[in-house]
There are 2 protein chains.
Amino acid sequence: MQRYFINKESHIDLSTNTIIIRGDDAHHITNVMRMRVNDTVYCCYDGLTHIARIDNLNQREVTLTIIETIKENKELPCSVTIAQGLVRKEKMEEVIDHITEMGANHYIPVIMKRSNVKVSEDKIDKKTIRLNKIAKEAAEQAHRSSVLEVHEPISFKEFLTKSNEYDLCLVAHVDDTNPLYIGDAIKDEMNILVLVGPEGGIDQIEIDELKKHNFKQVTLGKRVLRTEVAPNYIMSVIDYIRGNNHEV
Amino acid sequence: MQRYFINKESHIDLSTNTIIIRGDDAHHITNVMRMRVNDTVYCCYDGLTHIARIDNLNQREVTLTIIETIKENKELPCSVTIAQGLVRKEKMEEVIDHITEMGANHYIPVIMKRSNVKVSEDKIDKKTIRLNKIAKEAAEQAHRSSVLEVHEPISFKEFLTKSNEYDLCLVAHVDDTNPLYIGDAIKDEMNILVLVGPEGGIDQIEIDELKKHNFKQVTLGKRVLRTEVAPNYIMSVIDYIRGNNHEV
């Protein structure tokens, strides 16, 4: 069954069991899927999945009635934020797509010393909207019941301040002297933040700052992973440890 | 230090401690890296890493003397083969690049019922050479001491016969009735084969055939991963379980 996330332009009222889908999704239901009155879809909102029947539709607005609400349990029991030193748009898109499928909750681009990409202030809004759209589509494809949120790029200083909101802060960075494997750093924390560097890696000054802000430096196994591959490794290992889908 | 894998066109003689690098790598050393006599590089061959000093060089041939041999321990303790239903060239390139970084040893494209890509016999050689080059570059980047081998596409029937060579055969395919999580299927096997379907998934007839050939059907967590993301998940989980780089 087709899956849609209820976003800001749409509307959900649980007291009357009514959903109104607007915007691109209304167009998708009407013109792409060519659905009709009485067809049913999954509508995901606030961690719940509602099976809803179409009562009325046109390409601007689809009205539905909730006929059943299910808890799908497709999500990790903890919230995972992947922060990444700012990289090129194509790499960001790839990472966001992959980590959304793998269950991440937030993506924060961080402007770091070795980021060789510039932020053009006038395009941030448009870019962030596009990246969130990619996340939405990946979440639908992966049958998730919530969507990853892509944040606007922030400075390294803002990022350090923001890190106080998490109960585990990790930074993936090769450490030959005293390596801590990521799999050993994750226990039962509920709000996990993991930072990976941009293509050029993380500057030692930044590592020192991160450590002052309670970041633990972790390795991702024995090989050197590029910045676009590292988030996949991180998410898979977190899902292995915390996904609760296997005997440990 | 720059890393090169000794391939067929090059030559290594351990009795005289001599290496001759030919072809693209000779060009790379001479023209791209602009190295000189007495510069040193890593030369990887047969699981060992030799630190070698340049004695003579031109863009066709670089002669080196081995000054030290090290065992780097960057490889998994088991051999992992990822087989994938034949997908488009760009997706294959992405998968090969990522799983090489993550430590896989072999990649086999399998012609399956729902593969929507055709194999053009006359181009197989050229394509396989290109894919192996991508693997070589990814292995160098990841500081591996051996390279993933990309095989030529084989039929599903040939694949079933080939599967006898492995001591664990897994197929990643959603199973709602009796799911076995991949993390629970891997113990201490030395030669692991994991098959993922093409974009359209695996046909039930194929699943039945695979099961007759001792394949275990496994899930990759609770979400639905696309064929180009699934291999990343598989490799990360195998590395977590078997990488021996953490307290279990």
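Notes on the structure follow. These numbers come from a predicted model, not from an experiment.

Let us now look at the interface of chain A and chain B. Taken together, the contact pairs 35 residues of chain A with 35 residues of chain B. Interface area, chain A with chain B, both sides summed: about 3500 Å², of which 50% is carbon and sulfur. Three residues, Lys222, Arg223 and Tyr240 of chain A, lead the burial of chain A against chain B; their summed loss comes to 24% of the area buried on that side. The salt bridge partner of arginine 226 of chain B is glutamate 101 of chain A, with a shortest N-O separation of 2.4 Å. Secondary-structure elements contributing two or more residues to the side of chain A that touches chain B are helix 2 (89-101), helix 5 (182-185) and helix 7 (230-242) of chain A.

What follows concerns a positive patch on the surface. There is a patch of like positive charges on the surface, built from Lys89, Lys123, Lys126 and Lys127 of chain A. For lysine 127 of chain A, a relative accessible area of 38% corresponds to the partly exposed category.

For the pair chain A and chain B, the best superposition has an RMSD of 0.1 Å and corresponds to a rotation of 180 degrees with a translation of 0.0 Å parallel to the axis. Such a combination of turn and shift is consistent with a two-fold rotation axis. A high fraction, 100%, of the interface residues of chain A reappear at the interface in chain B, so the copies pair face to face through one surface.

Counting 80 residues, the largest nonpolar core has Ile182 of chain A together with Ile182 of chain B as its most contacted members. Once you skip the residues sitting within four places of it in the chain, isoleucine 182 of chain B turns out to touch Leu170, Val218, Thr219, Leu220, Tyr233, Ile234 and Val237 of chain B.

Counted by the stated rule, this structure contains 6 aromatic pairs over all chains. Between phenylalanine 159 of chain A and phenylalanine 215 of chain A the ring centres are 5.7 Å apart and the planes differ by 45 degrees, which places this aromatic pair in the tilted class. Of this pair, phenylalanine 159 of chain A sits in helix 4 (residues 156-162) while phenylalanine 215 of chain A is found in the loop between helix 6 (204-212) and strand 13 (216-218), placing the two residues 56 residues apart along the sequence. Pairing tyrosine 181 of chain A with tyrosine 240 of chain B gives two aromatic rings, centres 6.0 Å apart and planes at 35 degrees, and the pair type is tilted. Of this pair, tyrosine 181 of chain A sits in the loop between strand 11 (168-172) and helix 5 while tyrosine 240 of chain B sits in helix 7 (residues 230-242), which puts the two residues in different chains. Here the two residues tyrosine 181 of chain A and tyrosine 240 of chain B agree in accessibility, since each one is buried. Taken together, the ring pairs connect Tyr181 and Tyr240 of chain A together with Tyr181 and Tyr240 of chain B into an aromatic cluster.

All names here are of chain A. Taking strand neighbours across the sheet as the criterion, the 6 strands line up as 1-4-5-6-3-2 in an open arrangement whose pairing is mixed. For this open sheet the edge positions go to strand 1 (3-5) and strand 2 (11-13), each flanked by a neighbour on one side alone. Ignoring which end each strand starts from, the neighbouring axes of this sheet average 35 degrees apart. With 8 bridges connecting them, strand 5 (residues 48-57) and strand 6 (residues 61-70) associate as antiparallel partners. Bridging across to strand 6, arginine 53 finds its partner in threonine 65.

Here is what the cut-offs are and how they apply
- Residues numbered from 1 in each chain as written.
- Chains lettered and ligands numbered in written order.
- Predicted model: local features only at pLDDT ≥ 70, side-chain atom pairs only at ≥ 80, totals over all residues.
- Heavy atoms only, no water.
- Contact = heavy atoms within 4.5 Å.
- Buried area = accessible area lost by both parts, 1.4 Å probe.
- Salt bridge = Lys/Arg side-chain N within 4 Å of Asp/Glu carboxyl O.
- Helix = DSSP H or I, 4+ residues; strand = E, 2+ residues; numbered from the N terminus.
- Patch = residues over 30% accessible without salt bridge, like charges linked within 9 Å, V, L, I, M, F, W, Y side chains within 5 Å.
- Areas by Shrake-Rupley, 256 points an atom, 1.4 Å probe, with all protein chains shown as cover.
- Lys, Arg positive; Asp, Glu negative; His and termini not counted.
- Charge placed at Lys NZ, Arg CZ, Asp CG, Glu CD.
- Buried < 20%, exposed > 50% of the residue type's maximum accessible area, 1.4 Å probe, protein only.
- Least-squares fit on C-alpha atoms with pLDDT ≥ 70 in both.
- Core = buried A, V, L, I, M, F, W, Y, C linked by side-chain atoms within 4.5 Å.
- Phe/Tyr/Trp six-rings, centres within 6.5 Å; stacked < 30°, edge-to-face > 60°.
- Pairing = 2+ DSSP bridges.
- Axes fitted to C-alpha atoms, helices over the stretch in contact; angles between N-to-C directions.

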